[in-house]
Amino acid sequence: MSDNRAVLAGGCFWGMQDLIRKLPGVKSTRVGYTGGDVKNATYRNHGTHAEGIEIIYDPQTISYRRLLEFFFQIHDPTTVNRQGNDIGMSYRSAIYYVDEDQRQVALDTIADVNASGTWPGPVVTEVEPVGDFWEAEPEHQDYLERIPNGYTCHFPRPDWVLPRRNAAE
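Here's what I pulled together on the structure shown here. These figures come from a predicted structure and were not determined experimentally.

### Quick word on the overall build of the chain
In terms of regular secondary structure, the chain is built from four helices and eight strands. Each helix (α) and strand (β) of the chain, taken in turn from the N terminus, gives the series β-α-β-β-α-β-β-β-α-β-β-α. Relative to all contacts within the chain whose residues are 6 or more apart in sequence, the contacts with residues 24 or more apart total 76%. Across the chain, the centroid of the 16 positively charged side chains sits 2 Å from that of the 24 negatively charged ones.

### Considerations on the side chain of Arg 92
Relative to the helices and strands, Arg 92 resides in the loop between β5 (86–87) and β6 (93–97). When its relative accessible area of 3% is taken as the criterion, Arg 92 is described as buried. For Arg 92, the side chain forms a polar contact with the main-chain oxygen of Gly 35, separated by 2.9 Å. At 3.4 Å, the side chain of Arg 92 and the side chain of Tyr 96 are in polar contact. Ignoring sequence-local partners within four residues, the contact set of Arg 92 consists of Ala 9, Gly 10, Gly 11, Thr 34, Gly 35, Gly 36, Thr 48, His 49, Ala 50, Asn 81 and Glu 126.

### A look at the sheet that holds strand β2 (residues 26–34)
One open sheet holds the six strands; their spatial order is β7-β6-β1-β3-β2-β8, and the pairing between them is mixed. Unpaired on one side and paired on the other, β7 (126–129) and β8 (133–135) mark the two borders of the sheet. Geometrically, the sheet is characterised by an average inter-axis angle of 35° between neighbouring strands, direction not taken into account. With eight bridges joining them, β2 and strand β3 (residues 50–57) adopt antiparallel strand pairing. Across the sheet, residue Thr 34 finds its bridge partner in β3, namely Ala 50. Along the sheet, helix α1 (residues 13–20) contacts β1 (4–10), β2 and β3; its crossing angle with β2, the most-contacted strand, is approximately 170°. Against the sheet, helix α3 (residues 100–116) engages β1, β3, β6 and β7, with an angle of about 150° to β6.

### A look at the pairing of β1
Counting buried positions along β1 gives five out of seven residues, so the element sits mostly inside the fold. Inspection of the sheet shows β1 paired to β3 by six bridges, in the antiparallel sense. Within β3, the position partnered with Arg 5 by the bridge is Ile 56.

### Focus: the packing of α1 against helix α2 (residues 64–74)
Axis separation between α1 and α2 bottoms out at 11 Å; the angle between their running directions is 130°. As summarised for this structure, α1 and α2 are arranged oblique, according to the angle between their axes. Considering only the axes of α1 and α2, their crossing is right-handed. Across from Met 16, Leu 19 and Ile 20 in α1, the residues of α2 making contact are Leu 67, Phe 70, Phe 71 and Ile 74. Partitioned by chemical class, the residues of the contact of α1 with α2 number seven nonpolar, no polar and no charged.

About the criteria used
Residues numbered from 1 in each chain as written. Predicted model: local features only at pLDDT ≥ 70, side-chain atom pairs only at ≥ 80, totals over all residues. Heavy atoms only, no water. Helix = DSSP H or I, 4+ residues; strand = E, 2+ residues; numbered from the N terminus. Contact = heavy atoms within 4.5 Å. Lys, Arg positive; Asp, Glu negative; His and termini not counted. Charge placed at Lys NZ, Arg CZ, Asp CG, Glu CD. Buried < 20%, exposed > 50% of the residue type's maximum accessible area, 1.4 Å probe, protein only. Polar contact = N/O pair within 3.5 Å; in protein donor to acceptor, adjacent residues only side chain to side chain. Pairing = 2+ DSSP bridges. Axes fitted to C-alpha atoms, helices over the stretch in contact; angles between N-to-C directions. Parallel < 35°, antiparallel > 145°, perpendicular 65-115°, else oblique. Left-handed = near helix turned anticlockwise from the far one by under 90°. Nonpolar A, V, L, I, M, F, W, Y, C, P; charged D, E, K, R; others polar.

Below, the structure written as C-alpha cells:
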C-alpha cells in the first residue's frame, strides 16, 4: 500500500511540525502556506493563506482519524484565527482534505470532538478541499529541531482525548 497525504493548519507551523513528525507512521513533514489566494506564497507575502503542514504517512501504521485526533489535542480548534499569542488568518484551524474519504473522516471527528464536551467550546476548524501548498522558506523547516527552545504554542493536552470507540481505532 502507498503512503497518504494530509494537509492541516492549526496555528504556527513550527510546533505542529515538531509534534506531528514524532508520531509512528509519519514518514515526512514540511511546513508551508495553504488555503489562500497568493501564488508562490512566502512568509512575507502569503495573503489569506494559513500556516500549514503537509504530512506524508503510512496508513497501515497510523490512520487519518488518529492524525486528526492528535491534531485536535495539540492546538485549540475552538478559537477563530488564533493560537496562543498568534492572531490572524494565518493561524486559523483548518483541515484540507485530499479526497471524499478524508472529508468524511474530518467531519465525523469534528462531530465527535463537539459531542464529547471535553474541549472549551465548539470546533471552528474549517474543512476545505486541498489546494496549492507553497513550501515555506528553509529557515522555517524543522525549526524546533534546529532551535529546541524556540517559540511554540503547541503541546499535547492530556485531557483533550476522545474515548476509543473500539479496539480497531
